[in-house]
Amino acid sequence: MFCLAETEMVPLPTMQWMDGFLRLLDQRQLPSEETYIDCRDIDSLAEAIRTLAVRGAPAIGIAAAFGAVIAALTADPGKEYDDAFYSKIEMLERTRPTAVNLFHCLEIQRDVFRRNPGRENAVRMLLESARNMMQSDLDASRRMGCFGADLLDKGSVILTHCNAGGLATAGLGTALAVIYEAWDRNLLSKVYADETRPLLQGARLTAWELSRAGIPVDVLPDSAAASLLRNGEVDAVIVGSDRIAANGDAANKIGTYQLALAAKAHAVPFYIVAPLSTFDISTSLGSEIEIEQRGRDELACLGGRKLLPEAAGVWNPAFDVTPASLITAIICEEGVLFSPDTESIKSVLGGVH
Ligand code: MRU
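About the criteria used
- Residues numbered from 1 in each chain as written.
- Predicted model: local features only at pLDDT ≥ 70, side-chain atom pairs only at ≥ 80, totals over all residues.
- Heavy atoms only, no water.
- Buried < 20%, exposed > 50% of the residue type's maximum accessible area, 1.4 Å probe, protein only.
- Helix = DSSP H or I, 4+ residues; strand = E, 2+ residues; numbered from the N terminus.
- Arc of directions from axis to C-beta.
- Core = buried A, V, L, I, M, F, W, Y, C linked by side-chain atoms within 4.5 Å.
- Pairing = 2+ DSSP bridges.
- Axes fitted to C-alpha atoms, helices over the stretch in contact; angles between N-to-C directions.
- Contact = heavy atoms within 4.5 Å.
- Phe/Tyr/Trp six-rings, centres within 6.5 Å; stacked < 30°, edge-to-face > 60°.
- Lys NZ or Arg CZ within 6 Å of the ring centre and 35° of its normal.
- Near = heavy atom within 4 Å.
- Areas by Shrake-Rupley, 256 points an atom, 1.4 Å probe, with all protein chains shown as cover.
- Nonpolar A, V, L, I, M, F, W, Y, C, P; charged D, E, K, R; others polar.
- Salt bridge = Lys/Arg side-chain N within 4 Å of Asp/Glu carboxyl O.

Asks: I would appreciate a short explanation of helix α10 (residues 256-265) in the present structure.
Replies: An α-helical turn contains 3.6 residues, so any two residues separated by three or four positions project in the same direction. Turning to α10, its buried residues are T256, L259, A260, A262 and A263. Angularly, the buried residues of α10 cover 165 degrees about the axis, an arc narrow enough to put them on a single face. Set apart from the buried face of α10 by more than 90 degrees, the exposed residues are K264 and A265. A267 sits one or two positions beyond α10 and adopts a positive phi of about 55 degrees.

Asks: Explain the nonpolar core to me, please; I cannot follow it from the model alone.
Replies: Nonpolar side chains in soluble globular proteins tend to be buried together. The biggest cluster of nonpolar side chains holds 45 residues, and the ones touching the most others in it are M15, L22, L24, L45, F66, F85 and L126. Secondary-structure elements contributing two or more residues to this core are β1 (15-17), β2 (22-25), α2 (42-50), α3 (57-74), α4 (81-93), α5 (100-115) and α6 (119-149). With 12 residues, the top contributor of residues to this core is α3. Core analysis: the next-biggest nonpolar cluster, separate from the first, contains 30 residues, L159, I244, A250 and L276 among them.

Asks: I keep staring at the sheet that holds β1 and nothing clicks. Help me out?
Replies: Across a sheet, strands are paired by hydrogen bonds formed along the backbone, either parallel or antiparallel in direction. Taken in spatial order, the three strands make up an open sheet running β1-β2-β3, and their pairing is antiparallel. Two strands in the sheet have a free side with no partner beyond their single neighbour: β1 and β3 (36-39). Each neighbouring strand pair of the sheet contributes to a mean axis angle of 20 degrees, computed without reference to strand direction. Against the sheet, α3 touches β1, β2 and β3, its axis set at about 25 degrees to β1.

Asks: Can you walk me through the pairing of strand β10 (residues 270-273) in this structure?
Replies: Side-chain direction in a regular strand flips from residue to residue, so the side chains alternate between the two faces of the sheet. Residue alternation in β10 divides its side chains into two sets, F270 and I272 and Y271 and V273, and both sets are buried. Sheet topology note: the strand β7 (residues 236-239)/β10 ladder contains three bridges and is parallel. Residue pairing in the sheet places I238 in a bridge with Y271 of β10.

Asks: Would you explain the packing of aromatic side chains in this entry?
Replies: Describing an aromatic ring pair means giving the distance of the ring centres and the angle of the ring planes. Summed over the entire model, instances satisfying the criterion amount to five aromatic pairs. When the centroid spacing of 3.7 Å and the interplanar angle of 10 degrees are considered together, the rings of F85 and F113 count as stacked. Of this pair, F85 sits in helix α4 while F113 is found in helix α5, placing the two residues 28 residues apart along the sequence. Between the aromatic rings of Y86 and F113, the centroid separation amounts to 5.4 Å while the plane-to-plane angle is 80 degrees, which identifies the pairing as edge-to-face. Remark: F113 occurs in helix α5 and Y86 occurs in helix α4; sequence separation between them is 27 residues. Over the face of the ring belonging to F21 we find R40, whose NZ or CZ atom lies 4.0 Å from the ring centre. Here K253 stacks its cationic end above the ring of F319, 4.4 Å away from the centre of that ring.

Asks: Whenever I open this one, the site of the ligand confuses me. Can you help?
Replies: In the neighbourhood of the ligand, 18 residues make up the surrounding shell, with R55, A57, R96, N252 and K253 lying closest. Look at the ligand: alone it shows 410 Å² of surface, and the protein chains cover 100% of it. Sorting the residues of the shell around the ligand by element identifies α3 and β9 (250-253) as the ones contributing at least two each. Here the shell around the ligand is composed, by residue class, of seven nonpolar, seven polar and four charged.

Asks: Sorry if this is basic, but what is going on with the pattern of salt bridges here?
Replies: Opposite charge on two side chains lets them pair, provided their charged atoms get close. For the coordinates displayed, the defined rule picks out 17 salt bridges. For R40, the salt bridge identified is with D38, shortest N-O distance 3.9 Å. Between R243 and D280 there is a salt bridge; the shortest N-O distance is 2.8 Å. Of the two residues, R243 sits in strand β8 (residues 243-245) while D280 sits in strand β11 (residues 279-280), which places them 37 residues apart along the sequence. The same class applies to R243 as to D280, namely buried. Overlapping salt bridges, with partners in common, bring together R96, E292, R294 and E298 in one network.

Written out as structure tokens, the structure is:
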């Protein structure tokens, strides 16, 4: 596989394990400020995940895996030590319901804890396991970037939604790993990034990441995407995912489904890029995926200004589900699944889950 990315892509400092605590790039402050927050206990990490200081499916999972190390370090020693550890893990599990990576990574950490009794031993092995997850995520990103770029022609214009970049992973991204690789191979002409209401991950984060890498990016209102596709301005839509059901239905940031419908209507390929840790074969259909509902303030206020009359309610789902029938292919670290279905997903997962 031809792959420049292995040498040239530099991970973003999304998170770093320091000596005994987790340092997170505070994504709530981007792009105006590059500040960091240090999580030394589970309360502060749970708050960071809930409020999207760290966000994006793989990044949430890996941050929680380091959270298990913090849980083992901060649980009260003594005869209730194991219970105290597990109750901290449950606290992390309650932060955000949709991205399966969170549950997947914490399940691995529970198992590591079970197999390594004794505080010191547990801390050492949990840390090793979290570091391995981080490394696998970086390796998976590189491979997905290469497989995805193989699908693009010279001069490609890509439309993406939300942020599926280094900020959403251990540092290289999923959808954006394809974009970085395509840029390295001189295949990319430009990127359009949906602004991604209401939290503006596309405008604040994707545009920041791509500009930082010197990649031309134009931001558009989410509602303009269908017109852009109809005008023939886009060669492929490339997005990430938070959970892929056994039949290939994929949950991602709210607005992805309408993008997939518009892409289908205008015969533009629609690709999902996600590592195997995002697949959930215990969920048969997309309709079974729990969709996180978020608070009123995200829609009712902007920059401290009130946008809604008091009497107006809100409906604010953070994600939606795109049916497999609208997905041209899912790109994972094992290759490209065209027209994904239960059969192809089962075979690519093999013994993984
Ligand atoms: O609410 P967020 O910002 O955590 O949502 C993130 C997304 O929807 C991403 O597209 C998804 O996690 C894929 S990231 C590689």
